[in-house]
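Spelled out, the chains give:
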Amino acid sequence: MTTKRLLKGGTLITASETFEADVLIVGERIAAIGRDLTAPDAEVLDVSGKFLMPGGIDPHTHFDLPMFGTVSSDDHYTGTKAAAFGGTTTVLDFVPLDHPTLEASIRAWRAKADPKVAVDYGLHMNITRWDQAIYEEMARLPEWGIATIKVFMAYNGRLRLQDGEIFQAMRRARELGLLTMLHAENGDVIEVLVEEALAQGHTEPVWHARTRPAWGAVEAALRGAALAAQADAALYIVHMNTAGEVDMLRYAREQGLPVMGETCPQYLFFTEEHLARPDGAKWVCSPPMRTEEDNLALWEGLAQDVIQVVGTDHCPFFFDGTRPILYEGQPVAIPGKELGKDDFTKIPNGVPGVGDRLPILWTKGVVEGPLTPNQFVALTSTNPAKIFGLYPKKGALVPGADADIVVWDPDLKVTYGVRVAQHRTDYNLYEGWELTGFPVKVFLRGHLIVDEGRWLGRPGLGRFLHRTGYGVV
Ligand code: URP
Ligand code: ZN
Ligand code: ZN
């Protein structure tokens, strides 16, 4: 029997409007939105005093990602469960090119992810080798439901392509109707600085940041925009972290180029100083945290619509992977940041965040910061849906859309941290932060998967999202 639910008396927040209305969910879709709706056979839920927003879309996650002899500690189940608790109902995860072909790499990733995902998910393809075979096989990405590639200007000898190769990949992407995503740092400068730092005996986590200068990100962002312009291609710059990148993005957009940008919460709040703490390895990710001026410029970029998306780059590792935590009642320990205790280059890169994103951005961005609730929805749901070819099935509260709905209590006070966040790791970057506003119910395609802190979801409830195009916002 088809489930019908009527959410009565809530305030809907979309990317452009705020209004009071009831929402009727029939099966997996939103069937109607309006005042004083009635549906005699529906279960009625009173959501008065609550905000209803489209489920969050995090376009940047790395679940179960092998790195430096270990693996990111959230897999496609634990990571998507954490996402759901934080109000996110869609994630886009990256496929590493770890097999001889794109097809084999995608098949292997889907074989891991499909049975585990607890929210809907899509994939981006990392293009980390460039040859004729990759050029040709890229034509099949839309057939496999992948409309986005990521290329890297850093990680020499591992993931990086040369500029000429990036240019060719962008041109091929444009030809095929794919969007290119760019990791903007200067790999050559990083290589020189890392070698020098190690030769001088600098092994502490803060040297991770000191060997990856902001100027490298700035010039790489502009270089990426220029390469994309010459390839007549659209570009999405991931994990923007520095003021100069915001300036470069603004400049590119002022030229009318289809260049878009994403930042992540960690770049809005933390600085290189955090990496200098005794537990600095917790903050090691690439690109690194910068300065307070950079934090501020990124906030301005969001408030002024220069930056279109807040993702997370969720890629968690245990701080101390020798000490088990209890996860769903079972002890779990996964080697983590301690692998680099004697050498910052061996600290697995990445931080947790998929579940933190909405609650942290709401309190710090909307309640205490410069964002309107509508900008919050645009940055965390509607813009990613439009850019990544999911709109209006996702990212919208309209009849016919998937009933991915977050019921948000704007008055709920939460002392946040590792005990509240549901990530499978032993720390949280926002430990002890006082938050106002939190998701209390989360619907994925009409299924109530989080209810007042209770987990009602399950592995495999999420579906693969077959994407064939992209948008420019
Ligand atoms: O430190 C990070 N961000 N790890 C994930 C890889 C990437 O470049 O996004
Ligand atoms: Zn990256
Ligand atoms: Zn990433």
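Residues numbered from 1 in each chain as written. Chains lettered and ligands numbered in written order. Predicted model: local features only at pLDDT ≥ 70, side-chain atom pairs only at ≥ 80, totals over all residues. Heavy atoms only, no water.

## Some points on the coordination of the zinc ion (ligand 3)
Okay, step 1: Every protein donor of the zinc ion (ligand 3) is listed here as His60 (NE2), His62 (NE2) and Asp313 (OD), and their distances to the metal cover 2.0 to 2.1 Å.
Okay, step 2: Considering all 4 donor atoms around the zinc ion (ligand 3), the spread of angles at the metal, 87 to 136°, places the coordination shape in the irregular class.
Okay, step 3: Within one chain, the residues donating to the zinc ion (ligand 3) are spaced in sequence as H-x1-H-x250-D.
Okay, step 4: Overall, the relative accessible area of 10% leaves His62 in the buried class.
Okay, step 5: The exposure class of Asp313 is buried, given its relative accessible area of 9%. (Donors = N, O, S within 2.8 Å, 3.2 Å for Na, K, Ca; no water. Tetrahedral: all angles 85-135°; square planar, octahedral: opposite > 155°, others 65-115°. Buried < 20%, exposed > 50% of the residue type's maximum accessible area, 1.4 Å probe, protein only.)

## Some thoughts on the coordination of the zinc ion (ligand 2)
Okay, step 1: For the zinc ion (ligand 2), the full set of protein donor atoms is Lys150 (NZ), His183 (ND1) and His239 (NE2), at a range of 2.1 to 2.2 Å.
Okay, step 2: Mapped onto the sequence, the residues coordinating the zinc ion (ligand 2) show the spacing K-x32-H-x55-H.
Okay, step 3: Separating the zinc ion (ligand 2) and the zinc ion (ligand 3) is a distance of 4.0 Å. Here His183 is found in strand 12 (residues 179-183), whereas its partner His239 is found in strand 13 (residues 235-240), with 56 residues between them in sequence.
Okay, step 4: Judged by relative accessible area, His183 falls into the buried class, the value being 0%. (Helix = DSSP H or I, 4+ residues; strand = E, 2+ residues; numbered from the N terminus.)

## Describing the domain arrangement of the chain
Okay, step 1: For the chain, the assigned domains read domain 1 (4-53 + 395-455) and domain 2 (55-387).
Okay, step 2: Inter-centroid distance (C-alpha atoms) of domain 1 to domain 2 is 27 Å.
Okay, step 3: On the side of domain 2, 59 residues touch domain 1, which itself brings 41 residues to the contact.
Okay, step 4: Here domain 1 meets domain 2 over a buried area of about 4000 Å², counting both sides, of which 65% is carbon and sulfur.
Okay, step 5: On inspection of domain 1 and its partner domain 2, the count reaches 2 salt bridges.
Okay, step 6: Applying the counting criterion to the domain 1 and domain 2 interface returns 18 residue pairs in polar contact (both at pLDDT 80 or more).
Okay, step 7: Looking at the side of domain 1 that touches domain 2, the elements with two or more residues in it are strand 5 (51-54), strand 18 (405-415), strand 19 (434-444), strand 20 (447-451) and strand 21 (454-455). (Domains from an automatic or database assignment. Contact = heavy atoms within 4.5 Å. Buried area = accessible area lost by both parts, 1.4 Å probe. Salt bridge = Lys/Arg side-chain N within 4 Å of Asp/Glu carboxyl O. Polar contact = N/O pair within 3.5 Å; in protein donor to acceptor, adjacent residues only side chain to side chain.)

## Some remarks on the site of ligand 1
Okay, step 1: Neighbouring ligand 1 are His60, His62, Lys150, Tyr155, His183, His239, Cys285, Ser286, Asp313, Asn349 and Gly350.
Okay, step 2: His62 has a polar side-chain atom sitting 3.2 Å from an oxygen atom of ligand 1.
Okay, step 3: Among the residues forming the shell around ligand 1, the class breakdown is 2 nonpolar, 7 polar and 2 charged. (Near = heavy atom within 4 Å. Nonpolar A, V, L, I, M, F, W, Y, C, P; charged D, E, K, R; others polar.)

## Quick look at the sheet that holds strand 13
Okay, step 1: One open sheet holds the 8 strands; their spatial order is 6-9-10-11-12-13-14-15, and the pairing between them is parallel. What marks the edges here is a single partner per strand, and that holds for strand 6 (56-61) and strand 15 (309-310).
Okay, step 2: Helix 7 (residues 214-230) contacts strand 12, strand 13 and strand 14 (259-263) of the sheet and is inclined by roughly 170° relative to strand 13.
Okay, step 3: Its contacts with the sheet place helix 13 (residues 373-387) against strand 6, strand 12, strand 13, strand 14 and strand 15, and it is angled at close to 65° to strand 6. (Pairing = 2+ DSSP bridges. Axes fitted to C-alpha atoms, helices over the stretch in contact; angles between N-to-C directions.)

## Topic: the pattern of salt bridges
Okay, step 1: This structure, assessed with the given rule, holds 34 salt bridges.
Okay, step 2: Salt-bridge contacts for Glu219 lead to Arg223; the nearest nitrogen and oxygen are separated by 2.8 Å. Linking Glu219 with Arg223, this pair stays in helix 7, spanning 4 residues, or about one helical turn.
Okay, step 3: What makes Glu219 partly exposed here is its relative accessible area of 29%.
Okay, step 4: For Glu452, the salt bridge identified is with Lys441, shortest N-O distance 3.9 Å. Separated by 11 residues along the polypeptide, Glu452 in the loop between strand 20 and strand 21 and Lys441 in strand 19 bring together distant segments of the chain.
Okay, step 5: Note on Glu452: relative accessible area 54%, which makes it exposed.
Okay, step 6: On the accessibility criterion, Lys441 (14% relative accessible area) is buried.

## Considering helix 12 (residues 357-367)
Okay, step 1: In terms of residue burial, helix 12 counts as a mostly covered element, since 9 of its 11 residues are buried.
Okay, step 2: What helix 12 keeps buried is the set Arg357, Leu358, Pro359, Ile360, Leu361, Trp362, Thr363, Gly365 and Val366.

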